[in-house]
Amino acid sequence: MAPATSTQPLVVLAGPTAVGKGTVAAYIRENYPEVWLSVSVTTRHPRPREVDGVHYHFISQEEFDRLDAEGGLLESAVVHGRASYGTPRQPVLDAIADGRLPLLEIDLQGARQVRQRMPDAHLVFLEPPSWEELVRRLVGRGTETEQERAIRLATAREELAAKSEFDRAIVNDDVRRAAEELVLWMRNPQRDES
Ligand code: 5GP
């Protein structure tokens, strides 16, 4: 077995729209306190039950642009052509330096930027059990308008095709099982190389 390293690779969880990345991330936040989950900034408005500083830092476009211009974001993207999202850089670097198990839950554009800027990052693709199931989840959520859903479906098709760019795929057939598979790997990333 390879010796334990003091720092853990940055893990990026991405995947198609509505595959359940947010739900898996929320399950990990609640059940695996040893995982350090990045809190993104976003310019979109909070949904009911979302807490500023926990689920996102909700900021204005002006604040977002300033943060980005100052180099404060590790990656950033406009998602679904609607709002800006980004990962604050320094907290990620601190979490890595502290030997935490760092996890980002972001979109594909962001995952590609992280791949370029931090080549050692490990990219995990969360995939649906099937396309039909993905559509069912997308429509079932009911938080978007018809037009927004159409945009999300188009984005999801493109995103599904990106699986080959990733280091690993996890099927989100069950939130708890998928979260467990991810965290088990994060706790012992060396086992792939042994
Ligand atoms: P939602 O608005 O539904 O919470 O998230 C919409 C999308 O934005 C999801 O695919 C989510 O993964 C992505 N997202 C959340 N935070 C970030 C971030 O910091 N950077 C990027 N690139 N995408 C993000």
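Structure report, in brief. (Residues numbered from 1 in each chain as written. Predicted model: local features only at pLDDT ≥ 70, side-chain atom pairs only at ≥ 80, totals over all residues. Heavy atoms only, no water.)

## Section: the overall build of the chain
When helices and strands are counted, the chain shows 7 helices and 9 strands. In summary, the chain has a C-alpha radius of gyration of 16 Å against a globular reference of 16 Å for 194 residues, a match within 12%. Judged by the C-alpha coordinates and their principal axes, the chain covers about 50 × 40 × 30 Å. Taking all 194 residues of the chain together, the buried fraction comes to 46%. (Helix = DSSP H or I, 4+ residues; strand = E, 2+ residues; numbered from the N terminus. Rg over C-alpha atoms; globule rule 2.2 N^0.38 Å. Buried < 20%, exposed > 50% of the residue type's maximum accessible area, 1.4 Å probe, protein only.)

## Let's talk about the packing of aromatic side chains
Summed over all chains, the structure comprises 4 aromatic pairs. Arranged with centres 5.0 Å apart and planes meeting at 65°, the rings of F125 and F166 form a pair that is edge-to-face. Residue F125 is located in strand 8 (residues 122-127), and its partner F166 is located in the loop between helix 6 (146-160) and strand 9 (168-171); the two are separated by 41 residues in the primary sequence. Each member of the pair, F125 together with F166, is buried. Every member of this aromatic cluster is reached through a ring pair, and the members are Y56, F58 and Y85. (Phe/Tyr/Trp six-rings, centres within 6.5 Å; stacked < 30°, edge-to-face > 60°.)

## A word on unusual backbone geometry
Glycine aside, negative phi is the norm for most residues, and most peptide bonds take the trans geometry. In this structure, A18 is a non-glycine residue whose phi angle is positive, near 70°. Checked against the element boundaries, A18 lands in the loop between strand 1 (11-14) and helix 1 (21-31). The class for A18 is buried, based on a relative accessible area of 14%. Here R49, not a glycine, exhibits a phi torsion of approximately 75°, which is positive. Mapped onto the elements of the fold, R49 is located in the loop between strand 3 (41-42) and strand 4 (57-58).

## Remarks on the packing of helix 1 against helix 7 (residues 175-187)
Relative to each other, helix 1 and helix 7 sit at 65°, their axes nearing to 9 Å. Between helix 1 and helix 7, the angle falls in the class roughly perpendicular. Classified by chirality, the crossing of helix 7 by helix 1 is right-handed. Along the contact surface, helix 1 presents T23, V24, Y27 and I28, while helix 7 presents V175, R176, A178, A179, L182 and V183. Its residues assigned to classes, the contact of helix 1 with helix 7 shows 8 nonpolar, 1 polar and 1 charged. (Axes fitted to C-alpha atoms, helices over the stretch in contact; angles between N-to-C directions. Parallel < 35°, antiparallel > 145°, perpendicular 65-115°, else oblique. Left-handed = near helix turned anticlockwise from the far one by under 90°. Contact = heavy atoms within 4.5 Å. Nonpolar A, V, L, I, M, F, W, Y, C, P; charged D, E, K, R; others polar.)

Any functional reading would require information beyond the geometric quantities listed.
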